Structures are given as structure tokens and as C-alpha cells.
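# Working through the structure, step by step
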Amino acid sequence: ATLGAVAEMLTAEGPLLDHTSQVYLTSLERLETHFNAARFDRVMLEVIETVDLRYIDGVKTNQSPLPMIMSIVQAIMYILGHQELDVTKWPKCRKLITHHIFKEMRMIDVRSQLKIHKLTLAKECIKELNAGDIAMELGPKALMLWKWVRMMLAVQNL
């Protein structure tokens, strides 16, 4: 409906569209919120289709995983709101990984602002990572988890 409202205004008024009108500004604001929610749903669906609980169990039971997967999981835990004390050391962090991780990830409301401190910590965790290296060294499941973190940071404007 929001996209339709903006499209109607653009069609009706064309280049003479008043970009200061309250109707236009409200529609534009709703469009961004709608886009973020739709993007979240799409990426979350891809995560669920790509990553299975067997993979999650494998990550959790690994005493010393590769630094890349550790960084991705730590970023996820920060976004989920876990304390820095529990996330920074792998033995504690891996205990936070449960079979409910997908449910926890889905329950985030991307329309509201998450804690900037936690988002900054998550961003710091993955700043050195790139899609090519993750795909080559860890495979598509880890890549999908990394994409979820990147999407979360993007919709939170970080």
C-alpha cells in the first residue's frame, strides 16, 4: 500500500511533486520501514532454508572453530542482545548457541532501533570478513549467517 501511494503521487504529479508535503514524507518514511521488514523476512527465510540445526550443532560443539565462523557467531550473539562478557570468549559464547537460535533471530523487530553498542560490537566482529573468503573457507551456510548479520547492520543504518 505504501509503495502504491508513492507510485500514485509520482504518476499524478511527476516532476512537480512537492517533496515537502506531509503525505509524501509520511509515505516515504513508511516505505523505508516496509522495505527493511521485507528485506529481513527474505534474508531470514534464506537462512532457515540454507542453515540447518546439524550445522549449528557442529559450530557449537567445536572447541576451537576457525576465527571466521567464531566472528560471525559472536556478531549474531551481539545482535541478539547478549552481554559482551558472555560473547568475547568462545567457551562462553558457544553455550549461547541453542536450537532456538532461528527463533531468536526471527523475533527481532527490525522496525525499532536496536542497541547501538551491540550493533557496533557486531560490526567490529565482521569488519575484516568478506563474502569470497567465507564462501571458500567455510561454505554457503556460514556465508548465509554472515549475510544475515550484514543485513541487520544495514537495516539499522550501520
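Keep in mind that this is a model prediction, so the values were computed, not measured. (Residues numbered from 1 in each chain as written. Predicted model: local features only at pLDDT ≥ 70, side-chain atom pairs only at ≥ 80, totals over all residues. Heavy atoms only, no water.)

For the rest of this paragraph, the subject is the overall build of the chain. The secondary structure content of the chain amounts to 10 helices and zero strands. In the chain, the succession of α and β elements from N to C terminus is α-α-α-α-α-α-α-α-α-α. Taken across its 158 residues, the chain has 40% of its residues classed as buried. Surface summary for the chain: the accessible area is close to 9,500 Å², and the carbon and sulfur share equals 58%. (Helix = DSSP H or I, 4+ residues; strand = E, 2+ residues; numbered from the N terminus. Buried < 20%, exposed > 50% of the residue type's maximum accessible area, 1.4 Å probe, protein only. Areas by Shrake-Rupley, 256 points an atom, 1.4 Å probe, with all protein chains shown as cover.)

Interpretation of the predicted coordinates at a detailed level should be avoided for regions scoring low in pLDDT. Summarising the model, the chain shows a mean pLDDT of 89, and 88% of its residues fall at 70 or more. Across the chain, helix 4 (residues 67-79) holds the top mean pLDDT of 98, while helix 1 (residues 2-13) sits lowest at 64. (pLDDT = per-residue confidence, 0-100.)

Below, the discussion takes up the environment of Asp133. On the secondary structure map, Asp133 appears in helix 9 (residues 131-137). The class for Asp133 is partly exposed, based on a relative accessible area of 38%. Placed 10 residues apart in sequence, Asp133 and Leu143 show a C-alpha to C-alpha distance of 9.1 Å. In this view, Asp133 contacts Met68 and Leu138; residues no more than four positions away in its chain are not counted. (Contact = heavy atoms within 4.5 Å.)

Two quantities define a packed helix pair, namely the angle between the helix axes and the distance between the axes. Following both chains from N to C, one finds helix 4 and helix 10 (residues 140-155) inclined at 40°, their axes separated by 10 Å at the closest point. When the axes of helix 4 and helix 10 are compared, the pair comes out oblique. Relative to helix 10, helix 4 is oriented so that their crossing is left-handed. Side by side, helix 4 and helix 10 meet where Ile69, Ile72, Ala75, Ile76 and Ile79 of the first sit next to Ala142, Leu145, Trp146, Trp148, Val149 and Met152 of the second. Each residue belonging to the contact of helix 4 with helix 10 can be placed in one class, and the counts come to 11 nonpolar, no polar and no charged. (Axes fitted to C-alpha atoms, helices over the stretch in contact; angles between N-to-C directions. Parallel < 35°, antiparallel > 145°, perpendicular 65-115°, else oblique. Left-handed = near helix turned anticlockwise from the far one by under 90°. Nonpolar A, V, L, I, M, F, W, Y, C, P; charged D, E, K, R; others polar.)

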